[in-house]
Amino acid sequence: MDRFSAVRPYDISKVDFHEQSAEERYGIPENFLEIEVRAPLTHGFGRKQFTDYEIVCRNNIPAFKLKNSSVRRRYSEFEWFKDALERESSRVKIPQLPGKVFTNRFSDEVIENRRAGLERFLQIVAGHPLLQTGSKILVPFIQDPNFNKDRY
């Protein structure tokens, strides 16, 4: 007798198969988190020019204070946020932000690439269970319109 002869095939007769209801198929999932970075706006002129982005969050996760929120953040605030997450969460590898751009940084293409990169970054960090439950700055950064990094 070889070592595989004792293995029995999976018995599906004991599995409870049933037709899903419309609510099960199309209802609100048990836990959902949608993060969107959109609507870039460029402000100022010359050396004082900058672009900020709207962060829209929709969720039903208990760690988040609001079910729906919208705030605006600059790239420099994302840089601070990433550094703060790394200091706060040594057990979690924080992803990279889209790189700094030094030429044509206010072109539509550069702004769109940065927007998409910031959205990917936030979706990864906001979806991480250890950050959702252990970070003191994750939810305020994403949801608090009066967020002030000097408080952290």
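Conventions we followed
- Residues numbered from 1 in each chain as written.
- Predicted model: local features only at pLDDT ≥ 70, side-chain atom pairs only at ≥ 80, totals over all residues.
- Heavy atoms only, no water.
- Phe/Tyr/Trp six-rings, centres within 6.5 Å; stacked < 30°, edge-to-face > 60°.
- Buried < 20%, exposed > 50% of the residue type's maximum accessible area, 1.4 Å probe, protein only.
- Lys NZ or Arg CZ within 6 Å of the ring centre and 35° of its normal.
- Helix = DSSP H or I, 4+ residues; strand = E, 2+ residues; numbered from the N terminus.
- Pairing = 2+ DSSP bridges.
- Expected span 1.5 Å × (residues − 1).
- Salt bridge = Lys/Arg side-chain N within 4 Å of Asp/Glu carboxyl O.
- pLDDT = per-residue confidence, 0-100.
- Axes fitted to C-alpha atoms, helices over the stretch in contact; angles between N-to-C directions.
- Parallel < 35°, antiparallel > 145°, perpendicular 65-115°, else oblique.
- Left-handed = near helix turned anticlockwise from the far one by under 90°.
- Contact = heavy atoms within 4.5 Å.
- Nonpolar A, V, L, I, M, F, W, Y, C, P; charged D, E, K, R; others polar.

Q: Honestly, the packing of aromatic side chains in this entry has me stumped. Any pointers?
A: By convention here, two paired aromatic rings are described through the distance between centres and the angle between planes. Counted according to the given criterion, the structure contains 6 aromatic pairs. For the ring pair phenylalanine 147 and tyrosine 152, a centre distance of 5.3 Å and an interplane angle of 15 degrees mean the geometry is stacked. Given the relative accessible area of 11%, phenylalanine 147 is considered buried. A connected cluster of aromatic rings, assembled from ring pairs, spans Phe78, Trp80, Phe81, Phe121, Phe141, Phe147 and Tyr152. In this arrangement the basic side chain of arginine 73 is found over the ring face of phenylalanine 141, its NZ or CZ atom lying 5.2 Å from the centre. In this structure, arginine 114 packs its charged tip against the face of tyrosine 75, placed 3.6 Å from the ring centre.

Q: Just checking my understanding: could you explain the pairing of strand β3 (residues 68-74) for this structure?
A: Each regular strand carries side chains that alternate between the two faces of the sheet. Of the two faces of β3, only one is covered, namely that formed by Ser69, Val71 and Arg73; the face formed by Asn68, Ser70, Arg72 and Arg74 stays uncovered. In the sheet, strand β2 (residues 50-59) pairs with β3 via 7 bridges, with the strands oriented antiparallel. Opposite arginine 58, over in β3, you have asparagine 68 as the bridge partner.

Q: What am I meant to see in helix α2 (residues 75-88) here?
A: Helical geometry note: an α-helix holds 3.6 residues per turn, so side chains three or four residues apart project in the same direction. For α2, which comprises 14 residues, the first-to-last C-alpha distance of 20 Å matches the rise-based estimate of 20 Å (1.5 Å per residue) to within 8%. Of the positions making up α2, those classed as buried are Tyr75, Phe78, Trp80, Phe81, Lys82, Ala84 and Leu85.

Q: Before we go on, may I ask you to explain the pattern of salt bridges in this structure?
A: As a working rule, side chains carrying opposite charge can pair if their charged atoms are close by. Applying the stated criterion across every chain, the model contains 9 salt bridges. Residues arginine 115 and glutamate 112 are paired through a salt bridge, measuring 2.8 Å at the closest nitrogen-oxygen approach. With arginine 115 and glutamate 112 both in helix α3 (residues 108-127) and 3 residues apart, this pair spans about one turn of that helix. What you see here is one network of salt bridges that share partners, running through Glu34, Glu36, Arg38, Glu54 and Arg58.

Q: Sorry, what's going on with the confidence of the model for the chain here?
A: Close inspection of predicted coordinates is inappropriate for parts of the model with low pLDDT. For the chain, the mean per-residue pLDDT works out to 85, and 83% of the residues sit at or above 70. The lowest-confidence element of the chain is helix α1 (residues 22-26), averaging 67 in pLDDT; the highest-confidence one is β3, averaging 96.

Q: Can you help me understand the packing of α2 against α3 in this one?
A: The relative placement of two packed helices is expressed as an angle between their axes plus a distance between the axes. Contact pair α2 / α3: the axes reach a minimum separation of 12 Å and the direction vectors enclose 30 degrees. When the interaxial angle is binned, α2 and α3 end up roughly parallel. Handedness of the α2/α3 crossing: left-handed. The segment α2 lies against α3, with Tyr75, Phe78, Phe81, Lys82 and Leu85 engaging Arg114, Leu118, Phe121, Leu122 and Val125. Residue classes in the contact of α2 with α3 are distributed as 8 nonpolar, no polar and 2 charged.

Q: Looking at this model, I keep getting lost on the pairing of strand β1 (residues 33-43). Mind explaining?
A: Strand direction decides the pairing type here: β1 and β2, joined by 9 bridges, are antiparallel. Across the sheet, residue isoleucine 35 finds its bridge partner in β2, namely cysteine 57. Counted between consecutive antiparallel strands, the loop separating β1 from β2 contains 6 residues, among which glycine 44 sits at a positive phi close to 80 degrees.

Q: Explain the environment of asparagine 113 here, please?
A: Note on placement: asparagine 113 falls in helix α3. Among the residues examined, asparagine 113 registers a relative accessible area of 48% and is labelled partly exposed. Residues asparagine 113 and proline 98, 15 residues apart in the sequence, show an inter-C-alpha distance of 8.0 Å.

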